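Structural characterization, general
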Amino acid sequence: MQRMFAEDSAWHTPWMSRVIPFVRRIAEAHPAQTIFTRFIPASRPGEGNGRWKSYYERWPSMTLERLGHGLVDLVPELAVLVPPAEVVDKRVYSPWMDTSLENRLRKRGADTIVVTGSETDVCVLATVLGAIDRGYRVVVASDAICSSADETHDASLQLYQGRYGQQVEIATVEEILAAWT
């Protein structure tokens, strides 16, 4: 839920503005239990390991030298919740690789994660699969996720419900907040 996806950029996610209020409702209800992840792009085109190098050659406008550091920030509606909410920066889609996310969750004794954010078929997918692999109960907030492509958003929701239905629960923000104790 970063400015680079909400604002006018090559990675603009058109309907992010519709889900921000839903993401905020969950984070605002439990800010001290909220961990936002931020995707931090390469500094300049051609940086990165393996295929990430050509990825940033393809997307030079989305490198830090072109974007500026401000666009990697959370959208203002969510940034105001930090602290007590926390932020974990990541260089790849998955928040589980080379970050402190898992240690932070383990220290809290967390056994369940509620997933919100962008994009349903990229970073959300990587978060969900990594959480499954680590044995977490995973709840995806269906009205608090979005993607830049409706077709793959819908297909991802079907994948979560169908293929991963025993490991992933789908619920609305209202249902999640009603059940959260």
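Our structure's up above, just so we're on the same page.
So, here's what we can say about the structure.

So, the overall build of the protein chain
- When helices and strands are tallied, the protein chain shows nine helices and five strands.
- Ordered by position from the N terminus, the helices and strands of the protein chain form the series α-α-β-α-α-α-β-α-β-α-β-α-β-α.
- A globule of 181 residues ought to have a C-alpha radius of gyration of about 16 Å, and the protein chain, at 16 Å, matches this closely.
- C-alpha atoms of the protein chain, sized along the principal axes, occupy 45 × 35 × 30 Å.
- Here the protein chain holds 181 residues, and the buried ones make up 42% of them.
- The long-range share in the protein chain, meaning contacts at least 24 apart out of those at least 6 apart in sequence, stands at 71%.
- With the model as given, the accessible surface of the protein chain reaches about 9300 Å², and the carbon-plus-sulfur share is 49%.
- The distance from the centre of the 19 positive side-chain charges to the centre of the 23 negative ones in the protein chain is 6 Å.

Comments concerning the pattern of salt bridges
- Counted according to the given criterion, the structure contains 12 salt bridges.
- Bridged by salt links that share partners, the residues Arg38, Asp73 and Asp89 form one connected network.

Looking at the pairing of strand β5 (residues 168-171)
- Relative to β5, strand β4 (residues 137-146) runs parallel, the two sharing four bridges. Considered in β5, the bridge of Val138 is made with Val168.
- What joins β4 to β5 is helix α8 (residues 150-161), and the crossover it makes is right-handed.

A closer look at the nonpolar core
- Met1, Met4, Trp11, Met16 and Leu78 are the most contacted members of the largest nonpolar core, which has 34 residues in total.
- A per-element tally of this core places helix α2 (residues 16-29) first, with six residues.
- Beyond its immediate chain neighbours, meaning those up to four positions away, Met1 contacts Met16, Val19, Ile20, Val23, Leu74, Val75, Leu78, Gly117 and Ser118.
- Counting residues in hydrophobic clusters, the runner-up holds 18 residues, among them Val88, Val124, Ile132 and Leu157.

Examining the sheet that holds strand β3 (residues 112-118)
- Ordered in space as β3-β4-β5, the three strands form an open sheet in which the pairing is parallel. On the outer flanks of this sheet lie β3 and β5, each paired with one strand and no other. Strand-to-strand, the axes of this sheet are offset by a mean angle of 30°, without reference to chain direction.
- Direction of pairing for β3 relative to β4: parallel, over a ladder of six bridges. Within β4, the position partnered with Val115 by the bridge is Val140.
- With respect to the sheet, helix α7 (residues 123-133) is in contact with β3, β4 and β5, its orientation differing from that of β3 by roughly 165°.

Reading guide: rules and limits
Position numbers for residues start from 1 in each chain and track the written sequence from start to end. Given that the model is predicted, a residue must reach a pLDDT of at least 70 before its local features are reported, and side-chain atom pairs must reach 80 or more before they are shown or counted; all residues, however, enter totals for whole chains, interfaces and linings. Only hydrogens and water are removed before side-chain values are computed, so all heavy atoms of the structure are retained for them. Labels follow the DSSP assignment, with helices taken as runs of H or I lasting at least four residues and strands as runs of E lasting at least two, numbered in each case from the N terminus. Using C-alpha atoms as the atom set, the radius of gyration is obtained and then compared with a globule rule of 2.2 Å times the number of residues to the power 0.38. Working definition: with a 1.4 Å probe on protein chains only, accessible area under 20% of the residue-type maximum means buried, over 50% means exposed, and in between means partly exposed. Whether two residues are in contact is decided by their heavy atoms, any of which lying within 4.5 Å being enough. Accessible areas in this description were obtained via Shrake-Rupley with a 1.4 Å probe; residue shielding takes into account the shown protein chains only. In this tally, Asp and Glu contribute negative charge and Lys and Arg positive charge; neither His nor the terminal groups of the chain are included. By convention, the charge on Lys lies at NZ, on Arg at CZ, on Asp at CG and on Glu at CD. Put simply, a salt bridge is a Lys or Arg side-chain nitrogen that is within 4 Å of an Asp or Glu carboxyl oxygen. Here a strand pair is declared whenever DSSP counts at least two bridges between the two strands. Seen with its strands pointing away from the viewer, a crossover is right-handed if its path from the first strand over the helix to the second goes clockwise. The set of buried Ala, Val, Leu, Ile, Met, Phe, Trp, Tyr and Cys residues whose side-chain atoms join them within 4.5 Å is what this entry labels a nonpolar core. For helices, the fitted axis covers only the stretch in contact; all axes are lines through C-alpha atoms, and the angles between them, taken along N-to-C directions, range from 0 to 180 degrees.

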